[in-house]
Amino acid sequence: MSGSAGNVVQARDILGPLHIHAAPLPPTRHGEAVPWQLPTDVRGFVNRSAEQQAMNHLLAEHPRGPRILVLTGTAGVGKTSLALHWAHAVREQFPDGQLYANLHGYDPQEPTAPAQVLERFLRALGVPATAIPTDLEALASTYRSLVAGRRMLIVLDNASRAAQVRPLLPGTPGGLVVVTSRHRLSGLGVREGARHLTLEVLAEHDAVELLRAVTSDYRSEDDPAELVQLARLCARLPLALRIAAERAAGRPRMLLNDLIQDLRDESSLWDALSSEDEEESEAVRSVFAWSYRALPADAARLFRMLGLHPTGEFSTAAAAALIATGVRQARRLLDALVATHMVEQTAADRFRFHDLLRAYAVDQARSAQEPQESEHAVRRVLAWYLHTADAAQARTAPHEPRVLLAPLDPDVEPTAFDDDTTAMRWFEAERENLAATVRTATALGLDGYVHRLAIVLRAFYMVRNPFQDWFETSRLGLDAARRDEDRHAQAELHESLGMAYTQSGRLDRAVDQYRAALVIRRELDDPAGEALTLNGLGLLRLRRRRLTDAREAFERAGALFRAIEDTYWEPRTAVNLAEVEAALGRLTEAERLVRSGLETFRDRADRWAEGNALCVLSLIQLEGGRVAEALDNAQRAVDLAVDLDSAVAEGHWLTQLGHAQRAAGQPADALVSYHRAAVLQRGLGDRSREALAWDGAGRAHLDLGRPQEATGFHRRAVAVHRELGERWQEATALCHLATALESGEDPEAVRQHRREALALLDEFTDPGALRLRGRLTSALGPDA
């Protein structure tokens, strides 16, 4: 793909599947995104009336003041359940939405970094991916700006330190933040004025009520005194009570006294190891052990193996890989674990641990099985993630470089995908697990898994831009490839980092990564890889309007593709080169290149590439004054994009259609095209191309005799291009802004914008830039 080079990676990877997966924009209120992230309410929630009244009092006490509430209490006391139940009850008081994050402060895995949470929050708040900063300070600043003054409810679950929480706090009044933690997090009270509410274990009658709520439909004749005994054995902790109640409900014909005796026997095993301070935690552990020992052997094995999974959330297929069984058998065993409350089912094929249960599962894996068995299980699930991600890449980006995979364990079957849509949905669902898998493999010294998975993940990251994960996994992969002395993998990961830096707007760093990849490609005598890197480097140079350098890169890439008879990439590179030739004023050569590619694409029924070539052909024809032909080809390109359901293609090609419609004297139609393009680009997260559409909309407004509206659109375009460091695009938008202001009463502003544009053009020497300089100089006269 070529086009205006507003997004290099979209041009680099024109294979098509990336276009149909753009997430819809969040719902909006007064033009702002409104996220609704609260997990589902707790089933069968009972008690905690006093605590809910205290929380309601805080809500009413200072309705517009900065409010932070920290729910503290021992593990298993029900902090998360209370926070979520109450949040659902009061959510209507927060019309600007709710944000939720599990900070995993007490999980066996690494706690979630504030930067990762902020990136997800900004996406939920409607920030385009390419506008999300990459460093923590900038992320926090952008987040505070977006939530300032908004009535939002923010739940930060399982925080272990105040430092995890502080970057996630709004800076102004309006919303409420609820934090759950086993620690008091006193620093939040001292510095941020947080209120604290400590959850104690349930009162005895409340604990019995919870037991009855779970068991009443299955065993209504239980002796109240025996229910009191069961509650006491569970230390009146909600998590332990629910597990015990589920076991009692699952054995309706077994006397409750017999169940109590089993639990009492289990508790006695821990008495010698417990101190007074550990009474509550050992009661929980006793209930865990009691339920665990009652599991069938195969379900117990799955439970402890799940403790080895890279995170506390997993799918049925991942569980099957851990124990080397089929998905149907794994589902049966998971059903048994859900029925006993040992894991929680969150969706049709998604499950998660409570952090305490996960820690217990890890403990059991260490004590109940040989280290070699655990190692094999971890390797199986890592291999499953790698092979399944590779299968997803084969659907979403089949022409991206693939990695060599070792054969899988015969009992492990990677997930298969019917189409690119289901493959991309899998990537989305497993995003956190995939990044955690790279971290797990790094910690275990399994370098081959690390760099292979990091390479495969690029196919997903380059169309979603989750920069925190992309940078982390690529850097870990590059380090692993160096330890593994795998030069090919090093080249791929340098290129992956080049893409990530490009799409995050850090173009200087992107150049360094592409150059590093190019050195290795040549060292390895890898012409295919060298050509791909040159194509990416050419697109980066085109984006910066380094036209001579871009032409050289594309010509060398095309020659290499021809030498190895790569008929997929060679015509695509030719279309990219055509755009450079057009910008240099060589319209005949540009059209020859495009028409050659167009013929190839039509012969192969490659409709996506055909549409892109039509768009570039329209650009060339418009530059040559052939307006009717340009309009026809741009419309045909957009029609193809609609048929393909390609948001990427439609958003880009609509802008070219708008240009052709303006030239044909159809400004109203052009305005519709530009607006539609801007909406699509915002959804895709491409700020540069969104700004190009705004600039076009400004010109259409001016054509329609609305200079004030035109000025507003041009100012927005100038601001974005300036922020992104796109000097050529900024200069052209400044020229258009000056033209829109000519009918006003501020001639000095017109001259100032033209002088700014002229200064920006100093570094450009191509024919188009020289013509623009000439027009500006003439308009400025003696002021030039």
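Read on for an overview of the structure. Only a predicted model underlies this, so the values are computations on that prediction, with no experimental measurement involved.

### Here's the deal with the layout of surface pockets
By volume, the second largest pocket is sized at about 1,500 Å³. Taken together, 45 residues line the second largest pocket, and the ones lying closest to its centre are Glu-623, His-659, Arg-699, Trp-728 and Thr-732. Listing elements by their share of the lining of the second largest pocket, those giving two or more residues are α24 (527-543), α26 (569-583), α28 (607-623), α30 (647-663), α31 (667-684), α32 (687-703), α34 (727-741) and α36 (767-780). Of the residues in the lining of the second largest pocket, the class split is 18 nonpolar, 15 polar and twelve charged.

### Some words on the packing of aromatic side chains
With the rule as written, the count across this model stands at 22 aromatic pairs. The interplanar angle of 15 degrees and the centroid separation of 6.4 Å between the aromatic rings of Phe-561 and Trp-569 together place this pair among those described as stacked. Ring-pair connections join several aromatic residues into one group, and the members of that group are Trp-384, Tyr-385, Phe-417, Trp-426, Phe-427, Phe-460, Tyr-461, Phe-467, Trp-470, Phe-471 and Tyr-501. Across from the ring centre of Tyr-568, 3.8 Å away, lies the NZ or CZ of Arg-572, which sits over that ring.

### Details of the sheet that holds strand β10 (residues 350-352)
Read from one edge of the open sheet, three strands run β8-β10-β9, paired in antiparallel fashion. Because the sheet does not close on itself, it has two edges, and the strands there are β8 (313-315) and β9 (344-347). If you compare each strand with its neighbour and ignore which way they point, the axes differ by 35 degrees on average. Where β9 and β10 come together, three bridges link them in antiparallel fashion. Paired with Ala-347 across the two strands is Arg-350, which belongs to β10. Taken strand by strand, helix α14 (residues 316-323) contacts β8 and β10, and its axis lies near 90 degrees from that of β8.

### Here's the deal with the nonpolar core
If you look at the biggest cluster of nonpolar residues, it comprises 144 residues, and the most contacted ones within it are Leu-71, Phe-303, Leu-306, Leu-337, Trp-426 and Phe-427. Considering every element that reaches this core, the biggest residue donor is helix α20 (residues 447-464), with eleven residues. Each residue touching Phe-303, except ones within four places of it in the same chain, is listed here: Tyr-292, Leu-295, Leu-337, Met-342, Phe-353, Leu-357, Tyr-360 and Ala-361. Counting 74 residues, the second-largest nonpolar core is a separate cluster that includes Ala-641, Leu-657, Cys-735 and Val-750.

### What about the packing of helix α33 (residues 707-724) against α34?
Running from amino to carboxyl end, α33 crosses α34 at an angle of 160 degrees, the nearest separation of the two axes being 9 Å. Here α33 lies roughly antiparallel to α34, going by the angle between them. Of the two elements, α33 crosses α34, and the hand of that crossing is left-handed. Touching Pro-707, Ala-710, Thr-711, His-714, Arg-715, Ala-717, Val-718, His-721 and Arg-722 of α33 are Gln-729, Glu-730, Ala-733, Leu-734, His-736, Leu-737, Ala-740 and Leu-741, all from α34. Along the lines of polarity and charge, the residues of the contact of α33 with α34 split into nine nonpolar, five polar and three charged.

### Remarks on empty space enclosed by the protein
Inspection of every chain in the model, using the stated rule, returns three cavities of 30 Å³ or more. A volume near 110 Å³ is recorded for the largest cavity. Lining the largest cavity, in full, are His-104, Gln-109, Glu-110, Pro-111, Thr-112, Gln-116, Arg-120, Thr-311, Glu-432, Ala-435, Arg-439 and Asp-469. The set of elements that each furnish at least two residues to the lining of the largest cavity consists of α4 (114-124) and α19 (431-443). The biggest single contributor to the lining of the largest cavity is α19, with three residues. A per-class count over the lining of the largest cavity returns two nonpolar, five polar and five charged.

### Some words on α32
Compared with an ideal rise of 1.5 Å per residue, which puts 17 residues at 24 Å, α32 spans 24 Å between its outermost C-alpha atoms and is within 8% of the ideal. With respect to burial, α32 is a largely interior element, 13 of its 17 residues being buried. Downstream of α32 by one or two residues, Gly-705 has phi in the positive range, about 80 degrees.

### With respect to the environment of Leu-156
Summarising the element assignment, Leu-156 is placed in strand β5 (residues 153-157). Its relative accessible area of 0% is what places Leu-156 among the buried residues. Through-space distance from the C-alpha of Leu-156 to that of Val-208 is 30 Å; in sequence the pair is 52 residues apart. In contact with Leu-156, other than residues within four places in its own chain, are Ala-101, Leu-103, Phe-121, Val-165, Leu-168, Val-177, Val-178, Val-179 and Thr-180.

### Side note on the pattern of salt bridges
Scanning all chains against the criterion turns up 55 salt bridges. Its salt-bridge partner being Arg-487, residue Glu-523 comes within 2.5 Å of it at the nearest N-O pair. Taken as a pair, Glu-523 in helix α23 (residues 507-523) and Arg-487 in helix α22 (residues 487-503) lie far apart in primary sequence, 36 residues in all. Among the ionic pairs, Glu-650 bridges to Arg-676, the shortest N-O distance being 3.3 Å. Taken together, the positions of Glu-650 in helix α30 and Arg-676 in helix α31 put the pair 26 residues apart, joining distant regions of the chain. The buried category is assigned to Glu-650, whose relative accessible area is 13%. Several salt bridges converge on common partners, so that one network encompasses Glu-400, Arg-458, Glu-492, Glu-495, Arg-521 and Asp-526.

### Describing the side chain of Gln-729
Relative to the elements of secondary structure, Gln-729 occurs in helix α34. On the basis of relative accessible area, Gln-729 is assigned to the buried category, the value being 7%.

### Side note on the environment of Ala-429
Turning to its location among the elements, Ala-429 is positioned in helix α18 (residues 420-429). Relative accessible area serves as the criterion here: at 45%, Ala-429 is assigned to the partly exposed category. Each C-alpha atom, one on Ala-429 and one on Pro-527, is 36 Å from the other, the two residues being 98 residues apart in sequence.

### Side note on the environment of Trp-608
Within the element layout of this structure, Trp-608 appears in helix α28. Spatially, the C-alpha atoms of Trp-608 and Ala-641 are 7.3 Å apart, while their sequence positions differ by 33 residues.

### Remarks on the pairing of strand β3 (residues 67-72)
Summarising burial for β3: six of the six residues are buried, a large majority. Neither face of β3 is exposed, since Arg-67, Leu-69 and Leu-71 on one face and Ile-68, Val-70 and Thr-72 on the opposite face are all buried. By the bridge criterion, six bridges tie β3 to strand β6 (residues 176-181) in an arrangement that is parallel. Bridge pairing links Ile-68 to Val-177 in β6.

### Observations regarding the sheet that holds β6
A sheet is described by the order of its strands in space; here five strands give the open sequence β4-β5-β6-β3-β7, paired in parallel fashion. What marks the edges here is a single partner per strand, and that holds for β4 (98-102) and β7 (195-198). Averaged over all neighbouring strand pairs, the angle between strand axes comes to 15 degrees, with direction disregarded. Two elements, β5 and β6, share four bridges in a ladder whose sense is parallel. The residue bridging Ile-154 from the neighbouring strand is Val-177, located in β6. Strands β4 and β5 of the sheet are contacted by α4, whose axis makes an angle of about 155 degrees with β4.

Each value, and the rule that gives it
Residues numbered from 1 in each chain as written. Predicted model: local features only at pLDDT ≥ 70, side-chain atom pairs only at ≥ 80, totals over all residues. Heavy atoms only, no water. 1 Å grid on protein atoms, 1.4 Å probe; cavity = no way out; pocket = protein on both sides within 12 Å on 5 of 7 lines; lining within 4 Å. Points joined across faces, edges and corners; volume = space filled by probe spheres on them. Helix = DSSP H or I, 4+ residues; strand = E, 2+ residues; numbered from the N terminus. Nonpolar A, V, L, I, M, F, W, Y, C, P; charged D, E, K, R; others polar. Phe/Tyr/Trp six-rings, centres within 6.5 Å; stacked < 30°, edge-to-face > 60°. Lys NZ or Arg CZ within 6 Å of the ring centre and 35° of its normal. Pairing = 2+ DSSP bridges. Axes fitted to C-alpha atoms, helices over the stretch in contact; angles between N-to-C directions. Contact = heavy atoms within 4.5 Å. Core = buried A, V, L, I, M, F, W, Y, C linked by side-chain atoms within 4.5 Å. Buried < 20%, exposed > 50% of the residue type's maximum accessible area, 1.4 Å probe, protein only. Parallel < 35°, antiparallel > 145°, perpendicular 65-115°, else oblique. Left-handed = near helix turned anticlockwise from the far one by under 90°. Expected span 1.5 Å × (residues − 1). Salt bridge = Lys/Arg side-chain N within 4 Å of Asp/Glu carboxyl O.

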